[in-house]
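# Remarks on the overall topology
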Amino acid sequence: MKNLFHKYTVLGMLLGLSAASCQKNFGDINTNPSVVTTPDIKYLLSYTEDKLISYQGTEWVWENMEQLLRYTQHVTASPYEITSNVNTRYSNYYLQILPNLFEIRRQADAKSDKDRYQKAKAVTYVLQALHGIKVTDMNGAIPYTEAIEGRYQSKYNPVYDNQQTLFNTWLTELNSAIKVLSDNSLANQVVYGNSDIYYQGDWVKWVKLANTLKLRIAARLENADNATCKSIFQEVMKDAIGPIDDNTAQVKYLNQTYAPFGTSGDIDYRSRRYASTSIMQFLKGSNDPRLPIYFDKNDIPVGFKDSLTKYNVTAPAFINLNDPLINYQGGPADWTTNPTVAAFLSNTFAVGPNKYALISPLNRKFFSPKLNAATGNFEDIPVSYAETCFLIAEFTQKGYAGGVDTKGTVNDWYTRGITSSIVTMNEIAVNAGSATSFSGSGDTQIAAYLSNSQVKLNGTNDLERIYIQAYLNYLRVPNEAYVFCRRTGYPKLSSGYYAREVFNEQIPRRFWLTDPGEVNRANWSAAMTAQGFTPNAQDVNTLATQRVWYDKTAPDFGKGN
């Protein structure tokens, strides 16, 4: 993919959107005058697509690495308090995303040939849903149906729509977008071309993305409204185009200059991130090709046994000297549960004059290709084919298809998902200049993994196996990883297959939206009360016990059925 962002970003920025917090004053955001009164809609789309990914710099640091990936136990790290630096997803929705999409539609409707812009308008609703789902995940009720009206109608007190309204609205908008984008009778439509960073104006791929987003919504509704979850799944599978169906239809963002962790690329702000014991045990036990992509080797050198003998030193009990993968070791997700091993997360192991770090850290270059002035490129896949496959496999395994043709068996979708995940992660690693699993197609490595007894579906715990592969795939999409673990209760504590580790920390089930000020306090207060939220509460004790609507009947972390 060509690196198109820079000139489009500069032109898109000419909108002059306010940098003030939308939590404080919607009026400030919606009425700040534009430097350019009619920016080209192509640049507005480019700018928005770029910001959907690039706003996440602080999110990676303060939210993903420091909180979410610890809660899911993909990584272990020194625990830190949750800070007000989280939840930038919310402010950026109203600052960087929605205003541009509304402006695209406003300009299109003002054209003398506005009928030629129907598909150009339709994709804006797909992007609104893409990020809106993520915003409501951690906040519950948010302004949407009346959002951005301050910009055009001088309405600065938008209602906070509850989650039922949000999901119903997004489903309606996605269905309308799918209908328009699928309509081959709409001739001579204006196309975005290369200004469309994700799909280069391919309407069919936009339909596939919209259908996969419907599957995301279905998953979130499963516990709260199971009938609608099933209905959405069946709709998607009956659609003539369907959801994302190969790697070329994934949302792909490749940027040669973007550095999510700043110019130094250091992802270890405040704490180094390491493999948890549980994920390391499973990756090693199943010979997962993603192991060297996800985690770096420890410092144990060739000849380690001889060094121990020479200096009369005994290796720690958790180190198996005969382990062919001895260079990969995990640490306890909660350091208090195994302080002996946890001690090696912050201390080295001395053998004579040498000191070795024993626990495998997260592969920093895989996440931060510019680390220490490296020259790799950042690739992100916010919505993947693998995710689509695992959701279809899960819903089919649960019997949600109701006789609808799922275009493959559970095993078909399961193996497609694994294959896509491994290929995609390896591609990201190649672009990052990071450690990879293979060169070439990877067919041999993938075939070996699919035939592993720890991976193959066996008719005994097939749903759990689907869950765990989805879980492993979500390492690069921390919000989806968190939502998955919160929704399903997997990995589960009692599992003999892949057990969640004991975790004594309280885990927040939501974030918070603070008092927006007098202009919209009444609507905010009403939304907090309706959801049973303590207004302005930011302490983990409160956040761990108050849930957004679709999460209210979900299991506790680790308590899946």
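Residues numbered from 1 in each chain as written. Predicted model: local features only at pLDDT ≥ 70, side-chain atom pairs only at ≥ 80, totals over all residues. Heavy atoms only, no water.

What follows deals with the overall build of the protein. Looking only at helices and strands, the protein has 22 helices and eight strands in total. The C-alpha radius of gyration computed for the protein amounts to 24 Å, which stays within 12% of the reference 24 Å derived for 561 residues, consistent with globular compactness. Residue pairs at least 24 apart in sequence account for 78% of intrachain contacts in the protein once pairs closer than 6 positions are excluded. In the form shown here, the protein has an accessible surface area of approximately 20800 Å², with 49% of it arising from carbon and sulfur atoms. In the protein, 54 side chains carry a positive charge and 52 a negative one; their mean positions are 2 Å apart. (Helix = DSSP H or I, 4+ residues; strand = E, 2+ residues; numbered from the N terminus. Rg over C-alpha atoms; globule rule 2.2 N^0.38 Å. Contact = heavy atoms within 4.5 Å. Areas by Shrake-Rupley, 256 points an atom, 1.4 Å probe, with all protein chains shown as cover. Lys, Arg positive; Asp, Glu negative; His and termini not counted. Charge placed at Lys NZ, Arg CZ, Asp CG, Glu CD.)

For the rest of this paragraph, the subject is the layout of surface pockets. The volume enclosed by the largest pocket comes to roughly 270 Å³. Lining the largest pocket are 15 residues; nearest its centre among them are Thr277, Gln281, Phe318, Gln329 and Gly330. Broken down by element, the residue count for the lining of the largest pocket peaks at four residues, all from helix H11 (residues 277-285). Taken together, the residues of the lining of the largest pocket sort by class into five nonpolar, seven polar and three charged. Of the voids in this model, the second largest pocket is the one considered here, and its volume is about 230 Å³. Lining the second largest pocket are 13 residues, with Glu505, Ile507, Arg509, Asp556 and Phe557 sitting closest to its centre. Among the residues making up the lining of the second largest pocket, the classes are represented as six nonpolar, one polar and six charged. (1 Å grid on protein atoms, 1.4 Å probe; cavity = no way out; pocket = protein on both sides within 12 Å on 5 of 7 lines; lining within 4 Å. Points joined across faces, edges and corners; volume = space filled by probe spheres on them. Nonpolar A, V, L, I, M, F, W, Y, C, P; charged D, E, K, R; others polar.)

Here the structure, examined in full by the defined rule, presents three cavities of 30 Å³ or more. Computed from the structure, the largest cavity encloses a volume of approximately 270 Å³. Residue assignment for the lining of the largest cavity shows that the elements contributing at least two residues are helix H3 (41-54), helix H4 (57-71), helix H6 (118-139), strand S8 (378-383) and helix H20 (478-488). Top contributing element to the lining of the largest cavity by residue count: H4, with five residues. Residues that form the lining of the largest cavity fall into these classes: 10 nonpolar, four polar and eight charged. The computed volume of the second largest cavity comes to approximately 100 Å³. Lining the second largest cavity are 16 residues; nearest its centre among them are Ile381, Ser384, Met425, Asn473 and Val477. Only S8, helix H16 (385-397) and helix H17 (410-432) provide two or more residues apiece to the lining of the second largest cavity. Of the residues belonging to the lining of the second largest cavity, the class tally is eight nonpolar, four polar and four charged.

This next bit is on the packing of aromatic side chains. Inspection of every chain in the model, using the stated rule, returns 30 aromatic pairs. Considering the side-chain rings of Tyr253 and Tyr258, the 6.3 Å spacing of their centres and the 85° angle between planes classify their relative orientation as edge-to-face. The class of Tyr253 is buried, set by a relative accessible area of 0%. Every member of this aromatic cluster is reached through a ring pair, and the members are Trp60, Phe261, Tyr294, Phe295, Phe366 and Phe367. When the ring centre of Phe533 is taken as reference, the NZ or CZ atom of Arg510 above it lies at 3.9 Å. (Phe/Tyr/Trp six-rings, centres within 6.5 Å; stacked < 30°, edge-to-face > 60°. Buried < 20%, exposed > 50% of the residue type's maximum accessible area, 1.4 Å probe, protein only. Lys NZ or Arg CZ within 6 Å of the ring centre and 35° of its normal.)

Let's shift gears to the pattern of salt bridges. Enumeration according to the criterion identifies 30 salt bridges in this entry. Residues Lys284 and Asp323 are paired through a salt bridge, measuring 2.5 Å at the closest nitrogen-oxygen approach. With Lys284 in helix H11 and Asp323 in the loop between helix H13 (304-310) and helix H14 (339-346), this residue pair connects regions lying 39 residues apart in the sequence. Beyond isolated ion pairs, a larger network of salt bridges with shared partners links Asp137, Arg216, Arg220, Glu387 and Glu480. (Salt bridge = Lys/Arg side-chain N within 4 Å of Asp/Glu carboxyl O.)

Here the focus is the nonpolar core. Core analysis: the biggest nonpolar cluster contains 146 residues, and Tyr198 and Trp206 have the highest contact counts within it. Counting 16 residues, the second largest nonpolar core, distinct from the first, contains Leu308, Ala315, Tyr356 and Leu358. (Core = buried A, V, L, I, M, F, W, Y, C linked by side-chain atoms within 4.5 Å.)

Our focus in this paragraph is unusual backbone geometry. The bulk of non-glycine residues show a negative phi, and the bulk of peptide bonds are trans. Between Tyr490 and the following residue, Pro491, the backbone shows a cis peptide bond with an omega angle of -10°. Mapped onto the elements of the fold, Pro491 is located in the loop between H20 and helix H21 (521-531). The backbone of Ala373 sits at a positive phi, close to 65°, despite the residue not being glycine. Tracing the backbone through its elements, the reader meets Ala373 in the loop between helix H15 (364-367) and S8. Take Ala373: its relative accessible area is 67%, and that puts it in the exposed class.

The subject of this paragraph is the side chain of Arg290. Residue position: Arg290 is located in the loop between H11 and helix H12 (291-294). Arg290 gets classed as buried once you look at its relative accessible area, which sits at 0%. Engagement of the side chain of Arg290 in a polar contact is seen with the side chain of Gln469, the distance being 2.9 Å. Beyond its immediate sequence surroundings of up to four residues, Arg290 is in contact with Ser421, Ile422, Met425, Ser437, Tyr449, Gln469, Leu472 and Asn473. (Polar contact = N/O pair within 3.5 Å; in protein donor to acceptor, adjacent residues only side chain to side chain.)

This next bit is on the environment of Glu149. Structurally, Glu149 can be placed in helix H7 (residues 149-153). The exposure class of Glu149 is buried, given its relative accessible area of 17%. When the C-alpha positions of Glu149 and Phe102 are compared, they lie 9.6 Å apart, and in sequence the two are 47 residues distant. Those residues in contact with Glu149 that sit more than four places away from it in its chain are Ser154 and Lys155.

Turning our eyes to something else, we now look at the pairing of S8. For S8, the tally of buried residues reaches six of six residues, placing the bulk of the element in the interior. Pairing of strand S4 (residues 251-255) with S8 involves four bridges; the strand directions are antiparallel. Paired with Asn255 across the bridge in S8 is Phe378. (Pairing = 2+ DSSP bridges.)

Here we take up the confidence of the model for the protein. Taken residue by residue, the protein gives an average pLDDT of 93. The fraction at 70 or more is 93%. Here residues 1-31 is a poorly scored stretch, pLDDT under 50, and it has 83 contacts once near neighbours within four places are set aside; other chains count. (pLDDT = per-residue confidence, 0-100.)

A few words now on the side chain of Arg476. Here Arg476 shows up in the loop between helix H19 (462-473) and H20. Here Glu379 takes part through its backbone oxygen, which lies 2.6 Å from a polar atom of the side chain of Arg476. If sequence neighbours within four positions are ignored, Arg476 has contacts with Trp60, Phe366, Phe367, Phe378, Glu379, Asp380, Met425 and Ile428.

Before going further, it helps to spend a moment on the packing of H17 against H19. Helix-helix packing is described using two parameters, namely the angle between the two axes and the distance between the axes. Running from N to C, H17 and H19 cross one another at 20°; their axes reach a closest spacing of 10 Å. When the interaxial angle is binned, H17 and H19 end up roughly parallel. Regarding H17 and H19, the two cross each other, and that crossing is left-handed. Between H17 and H19, the contacting residues are Val410, Tyr414, Ile418, Ser421 and Met425 on the first element and Arg465, Ile466, Gln469 and Asn473 on the second. Here the contact of H17 with H19 is composed, by residue class, of five nonpolar, three polar and one charged. (Axes fitted to C-alpha atoms, helices over the stretch in contact; angles between N-to-C directions. Parallel < 35°, antiparallel > 145°, perpendicular 65-115°, else oblique. Left-handed = near helix turned anticlockwise from the far one by under 90°.)

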